[in-house]
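Fold and contact review
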Amino acid sequence: MKIRHFLLYGTLNPKYGGPTYSVPIQCIGTQRIGAEMSFVVHESSKPWEDRLISEGVQMINIPDPKNKFQHSWATSLKKYLSSCCDMPDILHMHGIWMPANLYVANFGRKHRIPYVINPRGDTEIARIHLNKFKKFKKKLVWRLYSKGIVDDAACIIATSEQEYESIRILGCKTPVAIIPNGIEIEVFPTKNTHYHDHEGKRVLLFLSRINPIKGLEYLIEAWAKLPEKLRTEWSLHIVGNSDPKEYVYTLKEKVRTMRLQDSIIFLDAITGENKMRKYQDSDLFILPTLNENFGNVIAEAMMCECPVITTRNAPWKCIEDEQCGWWINLSVDNIVKTLIESMSLTDEERHLLGEKGRQCIINRFSSEVVAKKTYQLYEWVLGKRERPEFVRTIK
């Protein structure tokens, strides 16, 4: 069974967020079970390919775009597909809006190869309506080709109930499999150890893309309303790559205007061991998101035993079910209330929450369980097994 992945943005560079982490895990997991996995990415992905290659995944490198036109219209991917003779059994693409998605879908249609789609948040209504221009553009693209891409897919993979609902709201009747992102339990430290003192201050960590949809403006306004005593005992660290690039300057100006620069620190994006250490070195983690189809950073923080605060706009009801953190409605007042409660706990109380959070991830999101489901989905698409219970169809 040969499966070929096509990654959103075409690169494994971690600055592009969660899919650069979750899609390789998806590939490696199904490769270990017995699928023959291949992965089409840009040549600039080579620094992040070693692990995939060592696991037996075939890497297919295509030229990097030289300008915005080549990037937007995925010219190198289009050229690769036009000359491709090595046919897989299934195409697996990520996203629905880009011309690259259309090229892969057309390739599948032409050669009668079924394809599955991970939308990676592209069907979330909150993202579609983020601003008037994007809403107009996506409505147009939906009519031109994205609806056809979705309708002709063999199956769509939703990472959560929330994403499943967004797919159905768009009117899609394609079968949908609910399979969360997998977490590689073995790559995380087995015990949380604080490495630095931060001059005696405790740390509230935000670590994600610095983007308007992540809710940072809510967080900064909430931070300003905290009792001064808490702001002198704690620091807020905002860590990540700004997308769009100028957005971080808007936030820094907001912090300066509100005179919070002594307690809010902006740091560049970090990866690998440094990222794990940052989670371990923090006392609380927060993602006040407006919308999240999964939220890898939430799982990472929980695996590093850092208690999590996030919103009900992220599909993390298990935090509430397992009583290992805070899953709240998004508002400045709710964030203030939750921060006061969580920051006022003892270190031991937060540590116990962190331990419960780690166990929650181990029980629900291990990469082995997720890979098994993905493999079963592939088998079903090829007619080799009955429909798995996690695949939902509309009669």
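For the structure given in this document, a descriptive report is provided here.

Cut-offs applied
Residues numbered from 1 in each chain as written. Predicted model: local features only at pLDDT ≥ 70, side-chain atom pairs only at ≥ 80, totals over all residues. Heavy atoms only, no water. 1 Å grid on protein atoms, 1.4 Å probe; cavity = no way out; pocket = protein on both sides within 12 Å on 5 of 7 lines; lining within 4 Å. Points joined across faces, edges and corners; volume = space filled by probe spheres on them. Helix = DSSP H or I, 4+ residues; strand = E, 2+ residues; numbered from the N terminus. Nonpolar A, V, L, I, M, F, W, Y, C, P; charged D, E, K, R; others polar. Pairing = 2+ DSSP bridges. Axes fitted to C-alpha atoms, helices over the stretch in contact; angles between N-to-C directions. Contact = heavy atoms within 4.5 Å. Phe/Tyr/Trp six-rings, centres within 6.5 Å; stacked < 30°, edge-to-face > 60°. Buried < 20%, exposed > 50% of the residue type's maximum accessible area, 1.4 Å probe, protein only. Lys NZ or Arg CZ within 6 Å of the ring centre and 35° of its normal. Expected span 1.5 Å × (residues − 1).

A few words on empty space enclosed by the protein. Overall, the coordinates contain two cavities of 30 Å³ or more when judged by the stated rule. What the largest cavity holds in volume is close to 300 Å³. Lining the largest cavity we find 22 residues, and of these Leu7, Tyr9, Gly10, Leu77 and Ala100 sit closest to its centre. Elements that contribute at least two residues to the lining of the largest cavity include exactly β2 (36-42), α3 (68-72), α4 (75-83) and α5 (99-111). Grouping the amino acids of the lining of the largest cavity by side-chain chemistry returns 13 nonpolar, nine polar and no charged. Quantified by volume, the second largest cavity comes out at close to 70 Å³.

If you walk across this open sheet you meet the six strands as β10-β9-β8-β11-β12-β13, and the pairing is parallel. Taken across any chain shown, the strands that pair with only one partner, and hence form the sheet edges, are β10 (264-267) and β13 (325-328). Between one strand and the next, the sheet's axes are offset by a mean angle of 20°, whatever the strand orientation. Where helix α12 (residues 272-280) meets the sheet, it contacts β8 (202-207), β9 (234-239), β10 and β11 (284-287), and its direction lies at approximately 135° from that of β8.

Our next topic: the packing of aromatic side chains. Under the counting rule described, the total for this entry stands at six aromatic pairs. Seen from their ring centres, Phe294 and Phe365 are 5.8 Å apart, and the 75° between their planes marks the pair as edge-to-face. Linking Phe294 in the loop between β11 and α13 (296-303) with Phe365 in the loop between α16 (347-364) and α17 (367-381), this pair joins segments that are 71 residues apart in sequence. Its relative accessible area of 10% is what places Phe365 among the buried residues. Each ring, one from Trp316 and one from Phe365, has its centre 5.1 Å from the other, and the planes form 40°; the classification is tilted. In this pair, Trp316 is assigned in the loop between β12 (308-311) and α14 (317-321) and Phe365 in the loop between α16 and α17, connecting sequence segments 49 residues apart. Accessibility assignment for this pair places Trp316 and Phe365 in one class, buried. A connected cluster of aromatic rings, assembled from ring pairs, spans Phe294, Trp316 and Phe365. When the ring centre of Tyr164 is taken as reference, the NZ or CZ atom of Arg392 above it lies at 4.8 Å.

On to α5, then. Here α5 spans 18 Å end to end across 13 residues, near enough to the 18 Å set by a 1.5 Å rise per residue. Three or more residues of α5 are buried, namely Pro99, Asn101, Leu102, Tyr103, Val104, Ala105, Phe107 and Gly108. Summarising the contacts, the buried residues of α5 are in contact with β1 (2-6), α3, α4, β4 (90-94), β5 (115-118) and α7 (132-152). Arg112 lies just past α5 and shows a positive phi near 55°.

It is worth spelling out unusual backbone geometry at this point. Cis peptide bonds are those with omega within 30 degrees of zero, and the linkage from Asp243 to Pro244 qualifies with 5°. Positionally, Pro244 belongs in the loop between β9 and α11 (247-257). Positive phi values are uncommon outside glycine, yet Arg112 reaches one of about 55°. Relative to the elements of secondary structure, Arg112 occurs in the loop between α5 and β5. Classification of Arg112 as exposed rests on a relative accessible area of 78%. Positive phi, normally seen in glycine, also occurs at Glu305, with a value near 60°. Assignment of secondary structure puts Glu305 in the loop between α13 and β12.

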